[in-house]
Amino acid sequence: MKYLRLPVIRVCLALFLIAVLTLGVHLLRSRIVSPLDYPTSTLTARAPTTSIEISSGMSGSEIASELFAKGVIASATAFFRLAVADPRANKIAPGIHTLDLKISARQALAQLLDAKRIPNLVIVAEGAWKSEVISSLLAFGFTKSEVSNALKKVSLPTGFSDVEGLLFPAQYSFIKGISATAALQSMIDRFLVEKSAQNILKGDENFTALELLTIASMIQAEGDVGDFAKISQVIRNRLAIDMPLQLDATVQFVKKSRGELFLSTNSTLIKSPYNTYRKYGLPPGPIGSPGSKAMEAALSPEEGDWIYFITVAPSDTRFTRSHDEFLAWKKLYIKNRKAGVFEVRK
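Given the structure is predicted, the values throughout are model-derived calculations rather than measurements.

### A short note on the overall build of the chain
And then number 1: Helix and strand content of the chain: 14 helices and 6 strands.
And then number 2: By residue count, 40% of the 346 residues in the chain fall in the buried class.
And then number 3: Long-range pairs, those at least 24 residues apart, make up 65% of the contacts in the chain between residues at least 6 apart in sequence.
And then number 4: Split by element, the accessible area of the chain, about 19,500 Å² in all, is 56% carbon and sulfur.

Below, the structure written as structure tokens:
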């Protein structure tokens, strides 16, 4: 009987080896599919931190390698895969970032996007005027002379003679000792790598690059993102019939008076090539820095015969070709404005 046990032992040994090999293959596949990553955990104010410098144009793999080298993440692969899958990774601002050590790739991305973890931060909001960006640079520590000289030295795309509209809306964190010229140029360079901006710079059969960016800047200033494509069509429709654009945002740009809800008759009479109540056609240049959505809308308007539009209440912008309908909506707007519908509730 003892000889009968040998085959049984061999079979058990064979099964054991198969199980071990299967487990090994499974573990190997797990490492390939799920790269090493720290677990997402609750962090405290006393957690150890490090500083990471992100350069302009730095790739996802380069950022991942830097994070790994500084001990922030468990593997560069974990962060790189997340960065490829998550479009927010494209919004990581150049500059110095403060991150906790030994955190998950997801936490690392969140901290890279957290403005509170970026010292020396300069924010260019969508629709920001050049004058507002200059104020931010002065608050950062540059002198008026440094900024003035920088505006003359920066490299601009062909067809542009001024930085207005080219300072891409984003968060910028500048390293210590950076020049005003390099700071401004980084905003322009950020514009140049944006896909929608690249399409704008090509122009189209009807408008030059400067004209398209001017349209995009007006779209940005005049409405919510959900209405951008319709506003773009209204602008084109008015231009096609030689109708003045009559956009409040262009007058506000001239007056440097942001957010005026009611535009007086005297304001519409201001003598300026940017006043679209007096001047026919497009203004001579952009009236602020448009974001990607506004630039996309400038290139791809929504088809429609609208000539008029008006916001009668928050999140309620209406479009029409009928002047009578527009006047009726204008009465509703005035009623709502007097009733305080547009006032910000605290």
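### Quick word on the nonpolar core
And then number 1: Within the largest apolar cluster, 51 residues are counted, with the highest numbers of intra-cluster contacts made by Leu137, Met187, Ile215, Met218, Ile219, Ile235 and Met295.
And then number 2: Broken down by element, the residue count for this core peaks at 7 residues, all from helix α9 (residues 209–222).
And then number 3: Apart from residues no more than four positions distant in its own chain, Met187 is found in contact with Val122, Val124, Val133, Leu137, Leu166, Leu167, Phe168, Tyr172 and Phe174.
And then number 4: Grouped together as the second largest cluster of nonpolar side chains are 19 residues, Ala64, Leu67, Ala78 and Leu99 included.

### Re the pattern of salt bridges
Opposite charge on two side chains lets them pair, provided their charged atoms get close.
And then number 1: A complete count under the given rule lists 8 salt bridges for this structure.
And then number 2: Between Asp86 and Arg88 there is a salt bridge whose closest N-O contact spans 3.0 Å.
And then number 3: In this structure Asp86 comes out as buried when scored by relative accessible area, which is 12%.
And then number 4: A salt bridge links Lys130 to Asp162; the nearest nitrogen and oxygen atoms lie 3.0 Å apart. Residue Lys130 is found in helix α5 (residues 130–140), and its partner Asp162 is found in the loop between α6 (144–153) and β4 (170–173); the two are separated by 32 residues along the sequence.

### A few points about the packing of α9 against helix α13 (residues 292–299)
And then number 1: Relative to each other, α9 and α13 sit at 120°, their axes nearing to 8 Å. Between α9 and α13, the angle falls in the class oblique. For the pair α9 and α13, the crossing hand works out as right-handed. Only Ala294, Met295, Ala297, Ala298 and Leu299 of α13 make contact with α9, whose side of the interface consists of Leu212, Leu213, Ile215, Ala216, Ile219 and Gln220.
And then number 2: Its residues assigned to classes, the contact of α9 with α13 comprises 10 nonpolar, 1 polar and no charged.

### Things to note about the pairing of strand β1 (residues 49–54)
And then number 1: Covered by surrounding structure in β1 are Thr50, Ile52 and Ile54 only, the residues Thr49, Ser51 and Glu53 on the alternate face being uncovered.
And then number 2: Alignment of β1 against strand β2 (residues 95–100), held across 6 bridges, turns out to be antiparallel. Its bridge partner being in β2, Thr50 is matched across the sheet by Leu99.

### Notes on the side chain of His97
And then number 1: As for its placement among the helices and strands, His97 is situated in strand β2.
And then number 2: A residue is classified by how much of its surface remains accessible, and His97, at 0% relative accessible area, is buried.
And then number 3: At 2.6 Å, the side chain of His97 and the backbone oxygen of Ala93 are in polar contact.
And then number 4: With residues up to four places along the chain from it excluded, the contact list for His97 reads Thr50, Ser51, Ile52, Ile54, Ile92, Leu112, Arg117 and Ile118.

### Looking at the confidence of the model for the chain
And then number 1: For the chain, mean pLDDT is 88; residues scoring 70 or higher make up 88% of the total.
And then number 2: Within the model, pLDDT remains below 50 along residues 1–6, and this stretch shows 0 contacts once partners closer than five positions in the same chain are excluded.
And then number 3: This stretch, residues 25–33, has a pLDDT under 50; its non-local contacts, to residues over four places away or in other chains, come to 2 contacts.

### Focus: the packing of α5 against α6
And then number 1: At a closest axis distance of 10 Å, the pairing of α5 and α6 adopts a crossing angle of 135°. Considered as vectors, α5 and α6 are oriented oblique to each other. Note on packing geometry: the crossing formed by α5 with α6 is right-handed. Contacts between α5 and α6 involve Lys130, Ile134, Leu137 and Leu138 from the former and Lys144, Val147 and Leu151 from the latter.
And then number 2: Across the contact of α5 with α6, the residue classes break down as 5 nonpolar, no polar and 2 charged.

### Comments concerning the environment of Ala182
And then number 1: Within the fold, Ala182 resides in helix α7 (residues 180–192).
And then number 2: Exposure remark for Ala182: the relative accessible area of 34% places this residue in the partly exposed category.
And then number 3: Between the alpha carbons of Ala182 and Lys153 there is a distance of 9.6 Å; along the sequence they are 29 residues apart.

Calculation criteria
- Residues numbered from 1 in each chain as written.
- Predicted model: local features only at pLDDT ≥ 70, side-chain atom pairs only at ≥ 80, totals over all residues.
- Heavy atoms only, no water.
- Helix = DSSP H or I, 4+ residues; strand = E, 2+ residues; numbered from the N terminus.
- Buried < 20%, exposed > 50% of the residue type's maximum accessible area, 1.4 Å probe, protein only.
- Contact = heavy atoms within 4.5 Å.
- Areas by Shrake-Rupley, 256 points an atom, 1.4 Å probe, with all protein chains shown as cover.
- Core = buried A, V, L, I, M, F, W, Y, C linked by side-chain atoms within 4.5 Å.
- Salt bridge = Lys/Arg side-chain N within 4 Å of Asp/Glu carboxyl O.
- Axes fitted to C-alpha atoms, helices over the stretch in contact; angles between N-to-C directions.
- Parallel < 35°, antiparallel > 145°, perpendicular 65-115°, else oblique.
- Left-handed = near helix turned anticlockwise from the far one by under 90°.
- Nonpolar A, V, L, I, M, F, W, Y, C, P; charged D, E, K, R; others polar.
- Pairing = 2+ DSSP bridges.
- Polar contact = N/O pair within 3.5 Å; in protein donor to acceptor, adjacent residues only side chain to side chain.
- pLDDT = per-residue confidence, 0-100.

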